[in-house]
Amino acid sequence: MAKKANNEGSVYKDKQGHWRGQVNIPSTDGKVKRKYFYGKTKKEVTDKVNEMLQQLRTNTYIEPCKMTLYEWLCTWYDSYCGDNRMTTKINLETYIFRHIKDSIGGYKLCDLNTLIIQQFVNMKVKSGKLDGSGGLSPKTMKNMYNMLHKALNQAVALGMIPKNPADAVVLPKCKKVEMKYFTVEEQKRLQEVIKGHRLEMPILLDLYTGMRQGELLGLIWKNVYIDLNGRSCIRITQTLNRIKNPDSNAPNKTILTICEPKTKHSFRTIPLLPEIAEKLNHYHEQQTAYLKSIGLPSAEFVFTSTTGTPIEPRDFQRDFKKILLQNGFELKGVHSMRHSFATRSLESGMSVKTLSKLLGHSNVGFTMDVYTHVTEQLQIEEISGLQDFL
């Protein structure tokens, strides 16, 4: 193998037949530092070598033992998170700048170990809320850990550290939250009490499509296809959410914004029952007439306020709860309508696979886990059919 100069690399097979890469790094004391990379294929090693060479050429390479965890997370965020959803970016920034920076962020990457991360996790679960009101929920802690683990995996891939110190960290178990949904009788009564209410159509549509709140409020007429003599459907392509303002200098701490759906599986088409399509068509006519009467153009969004603007998520939640309280219902969140749709669908004989697609879940297993209360009851009912053979 020919000798390489500084800022040059090589890829070769070692005596054991394993692919290996080497990059010579310039040193202030004149000595040559060699950094080695390993992988299962030539391409894998070559990619690692080329990435290191690119960092050397652009002066962005920092020796692992000189780089702190916080510095690496900032580099990782800037380099690998550009395509993330806005809401995801805001969460990542909160984890990095408000949770990790002033706690374990000062550790050098090469000094970071499993025990340090484990103690960090334990502390956050016990008293990690930024307002000092207690510990982080297991779900929030898991999300933060996943980010940290992913960033450290990238450091391993780049040869900055030999292994991921977060691999053996034990997370708190996520307690299964009791899922609230409307029984058949409650749903029928809810459909009665909302008749004539300005939120009748959004509530009715949610009960029969199972959309997430952001999907419901972000629905636009361009994505509604109504054929009163055929098949009608809606297409989910965006969500409406109020999120933390990315501009920390802005006077408003939060902004109402359009985001992409939660995952690629959330982009979906949901068929409409003919009765729902007819009601939605009538609602559109009424909405258009009302807005015209107050001098406003036709609305882009399906559900709007009295001034033609999109409905604020917080206002929708408040008014939904008010309807429940005023009519003697047990208090439930907006998401209970999504759970009710799923429960009715399974009770009506819909397959879990079909339901999973309609809900925009990433896999059928997740759907089965969330709606265990229904699937277990259906199993009991269906297996009872075997009695006919006794």
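Here the structure is a predicted model, which means the values were calculated and not measured.

Peer 1: Would you explain the confidence of the model for the protein chain in this entry?
Peer 2: Detailed reading of the predicted coordinates is not advisable wherever pLDDT falls low. Here the protein chain shows a mean pLDDT of 90. Residues at 70 or above account for 96%. Here helix α14 (residues 372-383) stands out as the least confident element of the protein chain, with mean pLDDT 73; helix α7 (residues 200-207) is the most confident, with 98.

Peer 1: Is there a simple way to think about the packing of aromatic side chains in this case?
Peer 2: The relation between two aromatic rings is expressed through the spacing of the ring centres and the mutual angle of the planes. Going through the model one piece at a time under the given rule, you end up with 4 aromatic pairs. Considering the side-chain rings of tyrosine 70 and phenylalanine 97, the 6.1 Å spacing of their centres and the 75 degrees angle between planes classify their relative orientation as edge-to-face. Taken together, the residues span a long stretch of sequence, with tyrosine 70 in helix α2 (residues 69-80) and phenylalanine 97 in helix α3 (residues 86-100) at a distance of 27 residues. For phenylalanine 97, a relative accessible area of 35% translates into the label partly exposed. For the pair phenylalanine 182 and phenylalanine 329, a centre-to-centre distance of 6.1 Å together with 90 degrees between the ring planes defines the contact as edge-to-face. Separated by 147 residues along the polypeptide, phenylalanine 182 in the loop between α5 (138-157) and α6 (184-193) and phenylalanine 329 in the loop between α10 (313-326) and α11 (335-347) bring together distant segments of the chain. The buried category is assigned to phenylalanine 329, whose relative accessible area is 6%.

Peer 1: How do you make sense of the sheet that holds strand β2 (residues 19-25) when you look at a structure like this?
Peer 2: Strand pairing in a sheet is mediated by backbone hydrogen bonds. Such pairs are either parallel or antiparallel. Spatially, β1-β2-β3 is the arrangement adopted by the 3 strands of the open sheet, whose pairing is antiparallel. Both outer strands of the open sheet, β1 (9-13) and β3 (33-39), are each paired with one neighbouring strand and no more. Direction aside, the axes of adjacent strands within the sheet are offset by 25 degrees on average. Pairing between β1 and β2: 5 bridges, direction antiparallel. In the sheet register, lysine 13 faces β2, and the bridge partner there is tryptophan 19.

Peer 1: I tried to follow a nonpolar patch on the surface on my own but got confused; where do I start?
Peer 2: Together, Tyr290, Ile294 and Leu296 line one region of the surface with nonpolar side chains, adding up to about 240 Å² of accessible area. Relative to the elements of secondary structure, tyrosine 290 occurs in helix α9 (residues 274-293).

Peer 1: Hey, could you run me through the environment of leucine 158 in this one?
Peer 2: Structurally, the position occupied by leucine 158 is in the loop between α5 and α6. Expressed as a C-alpha distance, the spacing of leucine 158 and aspartate 47, which sit 111 residues apart in the sequence, is 9.4 Å. Leucine 158 has contacts with Lys35, Phe37, Glu51, Met52, Gln55, Trp72 and Tyr80, leaving out every residue within four places of it along the chain.

Peer 1: Please clarify how the sheet that holds strand β4 (residues 224-225) should be interpreted in this entry.
Peer 2: Strand order across the open sheet formed by 3 strands is β4-β5-β8, with antiparallel pairing between neighbours. One side of each edge strand has no neighbouring strand; the edge strands of this open sheet are β4 and β8 (268-272). Pairing analysis gives 2 bridges linking β4 to strand β5 (residues 232-236), with the strands arranged antiparallel. The residue of β5 that forms the bridge with tyrosine 225 is cysteine 233.

Peer 1: Can you walk me through the packing of α7 against α11 in this structure?
Peer 2: The relative placement of two packed helices comes down to the angle between their axes together with the axis-to-axis distance. The contact between α7 and α11 brings their axes to 8 Å, and the two run at 40 degrees. When the axes of α7 and α11 are compared, the pair comes out oblique. Here Ile203, Asp206 and Leu207 of α7 lie close against α11, whose contacting residues are Met337, Ser340 and Phe341.

Peer 1: What is the right way to look at the nonpolar core in this model?
Peer 2: Considering soluble globular proteins, one finds that nonpolar side chains tend to be buried as a cluster. The biggest cluster of nonpolar side chains holds 45 residues, and the ones touching the most others in it are Leu190, Ile203 and Leu205. Per element, the largest residue contribution to this core is 5 residues, and it comes from α7. Those residues within four positions of leucine 190 in sequence are excluded, and the remaining contacts are Phe182, Ile203, Leu207, Ile323, Leu324 and Phe329. Listed in part, the 34 residues of the second largest apolar core include Ile100, Leu112, Ala151 and Ala155.

Peer 1: Just checking my understanding: could you explain the side chain of serine 336 for this structure?
Peer 2: Among the secondary structure elements, serine 336 is positioned in helix α11. Discounting residues that sit within four places of it in the chain, serine 336 has contacts with Lys180, Tyr181, Phe182 and Phe320.

Peer 1: Whenever I open this one, helix α1 (residues 42-57) confuses me. Can you help?
Peer 2: Since one α-helical turn is 3.6 residues long, residues separated by three or four positions face the same way. Under the 1.5 Å per step criterion, the end-to-end length of α1 is 22 Å for 16 residues, consistent within 8% with the ideal 22 Å. Of the residues making up α1, those classed as buried are Val45, Lys48, Val49, Met52, Leu53, Gln55 and Leu56. Take α1 and look down its axis: the buried residues cluster within an arc of 160 degrees, on one side only. Opposite the packed face of α1, turned more than 90 degrees from it, sit the exposed residues Lys43 and Arg57. Where α1 is buried, its residues meet β1, β2, β3 and α5. In the segment just after α1, asparagine 59 is the residue with positive phi, at about 60 degrees.

Peer 1: In this structure, what is going on with α3? I would like to understand it.
Peer 2: Helix length check: α3 (15 residues) gives 20 Å between terminal C-alpha atoms against 21 Å at 1.5 Å per residue, within 8%. Residues of α3 that are buried: Thr87, Ile90, Leu92, Thr94, Tyr95, Ile96, His99 and Ile100. Summarising the contacts, the buried residues of α3 are in contact with α2, α4 (114-127), α5, β6 (239-244) and β7 (254-259).

Peer 1: Even after reading the chapter, I still don't get the packing of α2 against α3, so can you show me in this structure?
Peer 2: The geometry of α2 relative to α3 is characterised by a closest axis approach of 11 Å and an angle of 165 degrees between their N-to-C directions. In terms of their interaxial angle, α2 and α3 are classed as roughly antiparallel. When the axes of α2 and α3 are compared, the crossing they make is left-handed. Contacts between α2 and α3 involve Leu69, Tyr70, Leu73, Cys74 and Tyr77 on the former and, on the latter, Lys89, Leu92, Glu93, Ile96, Phe97 and Ile100. Residues of the contact of α2 with α3, tallied by class, amount to 9 nonpolar, no polar and 2 charged.

Each value, and the rule that gives it
- Residues numbered from 1 in each chain as written.
- Predicted model: local features only at pLDDT ≥ 70, side-chain atom pairs only at ≥ 80, totals over all residues.
- Heavy atoms only, no water.
- pLDDT = per-residue confidence, 0-100.
- Helix = DSSP H or I, 4+ residues; strand = E, 2+ residues; numbered from the N terminus.
- Phe/Tyr/Trp six-rings, centres within 6.5 Å; stacked < 30°, edge-to-face > 60°.
- Buried < 20%, exposed > 50% of the residue type's maximum accessible area, 1.4 Å probe, protein only.
- Pairing = 2+ DSSP bridges.
- Axes fitted to C-alpha atoms, helices over the stretch in contact; angles between N-to-C directions.
- Patch = residues over 30% accessible without salt bridge, like charges linked within 9 Å, V, L, I, M, F, W, Y side chains within 5 Å.
- Areas by Shrake-Rupley, 256 points an atom, 1.4 Å probe, with all protein chains shown as cover.
- Salt bridge = Lys/Arg side-chain N within 4 Å of Asp/Glu carboxyl O.
- Contact = heavy atoms within 4.5 Å.
- Parallel < 35°, antiparallel > 145°, perpendicular 65-115°, else oblique.
- Core = buried A, V, L, I, M, F, W, Y, C linked by side-chain atoms within 4.5 Å.
- Expected span 1.5 Å × (residues − 1).
- Arc of directions from axis to C-beta.
- Left-handed = near helix turned anticlockwise from the far one by under 90°.
- Nonpolar A, V, L, I, M, F, W, Y, C, P; charged D, E, K, R; others polar.

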